[in-house]
Amino acid sequence: MRFGEENFYVDPVTLESLTLSDAVRDGDEIISGTLHSPSGHRFEISDGVPDLIYPFELPAVDREALQQYEERADAYDRYLPLTFSTYGEDEQSVRNAMIDKLDLHPGSVVLETGAGTGRDSEIIARRLGADGKLYVQDLSPSFLAKNIERMRGKGAYLEPALANGYYLPFAENSFDACFHFGGINAFGDIKRAFSEMARVTKPGGKVVVGDESMPPWLRETEFGRILMNSNPEFTYTLPLDKLPIEARKTRLEWIIGGVFYVIDFVVGEGEPAADFDFPIPGVRGGTHRTRFHGQLEGVTPEARRLAYEARAKTGKSMHQWLDDVVRQAAMRDINLKD
Ligand SMILES: C[S@@+](CC[C@H](N)C(=O)[O-])C[C@H]1O[C@@H](n2cnc3c(N)ncnc32)[C@H](O)[C@@H]1O
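Just so it is clear, the structure is predicted and the values come from calculations on it, not from any experiment. (Residues numbered from 1 in each chain as written. Predicted model: local features only at pLDDT ≥ 70, side-chain atom pairs only at ≥ 80, totals over all residues. Heavy atoms only, no water.)

K.L.:
Let's hear about the packing of aromatic side chains: which residues, and what values?
P.N.:
Per the stated rule, a full pass over the model turns up 18 aromatic pairs. Residues Y54 and F56 carry aromatic rings whose centres are separated by 5.2 Å and whose planes lie at 80° to one another, so their mutual orientation is edge-to-face. The class of Y54 is buried, set by a relative accessible area of 17%. Judged by relative accessible area, which is 49%, F56 ranks as partly exposed. Judged by centre distance (4.9 Å) and plane angle (65°), the rings of Y54 and Y167 are edge-to-face. Of this pair, Y54 sits in the loop between β4 (49–50) and α1 (60–79) while Y167 sits in the loop between β7 (158–162) and β8 (175–181), and the two are 113 residues apart along the sequence. Considered together, Y54 and Y167 belong to a single accessibility category, that of buried residues. Each residue in the set F43, Y54, F56, Y166, Y167 and F187 is aromatic and connected to the rest through ring pairs, giving one cluster. Cation over ring: K133 sits above Y157, and NZ or CZ is 5.1 Å from the ring centre. (Phe/Tyr/Trp six-rings, centres within 6.5 Å; stacked < 30°, edge-to-face > 60°. Buried < 20%, exposed > 50% of the residue type's maximum accessible area, 1.4 Å probe, protein only. Helix = DSSP H or I, 4+ residues; strand = E, 2+ residues; numbered from the N terminus. Lys NZ or Arg CZ within 6 Å of the ring centre and 35° of its normal.)

What follows is the structure, given as structure tokens:
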């Protein structure tokens, strides 16, 4: 467990590299100091943990979540097993199955956001071996402290930091995989959180995210109403509209009694690609691209009827007939030779 890689972190908002000053070291570990960016943002390191939380003034929704988590930190591990036993689920099996989706191998470099007290961190660390690296982050100092405590002596390469899950202090393509379980429903900006995870994960790497959400088909049942009454977290809807455009091979599974979702995807680059340029067989003709980008104005119903009749007589596709007709008329009117 160490904080020795100040160069790996960047300013979470400008993404500029950070410079360390006033460092107090213990061997290769940095115990305290200040990281600053060319923009003038300063991030303090204390007890070996950098505070990279941004925005410096959190939105109210995150401030409230932080306060609640700070108050719950001591009791969290005591009561958390109920989350699984309520549905007769084995916590270790469920967490291991989620972590399987990360497709880790020894030597992977992994980011876990909202890592809490480390109930998944220890499983991830076991998968990484001596060459892997695990960056654990949380908004709550009390939760992160418990994580560090749990991971002490486990022999894992662990880099803990305080950070907001939707402003990640890393350059793009820094990780082989990114994991988040619990708490994301209440983030001030869920879409940004997904987009950040895709940004910092290498193309081909995995993102795995889970949280509560009562499935739509159970919301009116007694089962659903009892659970949503006790825990409003179950009323959150699925964040499918908040996934990043880079998400590929996206999968959704309902876990833990069928009332938590886990979404996993492979990180791609930009929008998906497809062949939009092959001639589409049939009377309409054209290609996907000409159909989208080649649209002109509407005509009168009579002109439309005539166009259909003329097309049928020529045997051309409608695309080809229109393309020829429009070209000829355009050439004539702009006075160029065809
Ligand atoms: C329900 S707990 C889950 C903890 C852990 N992942 C687990 O499975 O036990 C949610 C965690 O998310 C953290 N959290 C809440 N809002 C956050 C944010 N905006 N950025 C990072 N972590 C956040 C909380 O402090 C808490 O540790």
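There's plenty left to go through after this.
K.L.:
An account of the sheet that holds strand β6 (residues 133–138) is requested, with residue identities and associated values reported.
P.N.:
Taken together, the seven strands give an open sheet; going across it, the order is β7-β6-β5-β8-β9-β11-β10, and neighbouring strands pair in mixed fashion. Two strands bound the open sheet, and with one partner strand each, they are β7 and β10 (247–255). Between one strand and the next, the sheet's axes are offset by a mean angle of 15°, whatever the strand orientation. By the bridge criterion, four bridges tie strand β5 (residues 109–113) to β6 in an arrangement that is parallel. (Pairing = 2+ DSSP bridges. Axes fitted to C-alpha atoms, helices over the stretch in contact; angles between N-to-C directions.)

K.L.:
Report on the nonpolar core, specifying residues and quantitative values.
P.N.:
One finds I124 and L134 to be the most contacted residues of the largest nonpolar core, which totals 39 residues. Counting only elements with at least two residues in this core, the list comes to α3 (91–100), α4 (121–128), β6, α5 (141–151), β7, β8, α7 (222–230) and β11 (260–267). Those residues within four positions of L134 in sequence are excluded, and the remaining contacts are V110, E112, S121, I124, A125, L128, M151, Y157, L158 and E159. In this structure, L20, A161, C178 and V209 belong to the second largest nonpolar core, which totals 35 residues. (Core = buried A, V, L, I, M, F, W, Y, C linked by side-chain atoms within 4.5 Å. Contact = heavy atoms within 4.5 Å.)

K.L.:
Describe the pairing of β8, with residues and values.
P.N.:
Among the seven residues that make up β8, six are buried, leaving the element largely enclosed by the rest of the structure. Sheet topology note: the β5/β8 ladder contains four bridges and is parallel. Directly across from E112, in β8, lies its bridge partner F179. Pairing geometry for β8 and strand β9 (residues 201–212), over six bridges, is parallel. Bridge assignment links A177 to a residue of β9, and that residue is K206. In this view, the connection linking β8 to its parallel neighbour β9 by way of helix α6 (residues 190–200) has right-handed handedness. (Right-handed = clockwise from strand over helix to strand, strands pointing away.)

K.L.:
Hey, could you go over the site of the ligand for me, with residue numbers and the actual values?
P.N.:
Around the ligand there are 20 residues in total, and Y76, R95, D138, G165 and F181 lie nearest to it. A distance of 2.5 Å separates an oxygen atom of the ligand from a polar side-chain atom of D138. A distance of 3.0 Å separates a nitrogen atom of the ligand from a polar atom in the side chain of N164. For the ligand, whose accessible area on its own is 590 Å², the fraction buried by protein is 96%. (Near = heavy atom within 4 Å. Polar contact = N/O pair within 3.5 Å; in protein donor to acceptor, adjacent residues only side chain to side chain. Areas by Shrake-Rupley, 256 points an atom, 1.4 Å probe, with all protein chains shown as cover.)

K.L.:
Explain the side chain of D62 residue by residue, including any values.
P.N.:
Following the sequence through the fold, D62 ends up in helix α1. This buried residue, D62, is left without a salt bridge; R63 holds the nearest opposite charge, at 8.4 Å. Once you skip the residues sitting within four places of it in the chain, D62 turns out to touch L139, Y166, A186, F187 and G188. (Lys, Arg positive; Asp, Glu negative; His and termini not counted. Salt bridge = Lys/Arg side-chain N within 4 Å of Asp/Glu carboxyl O.)

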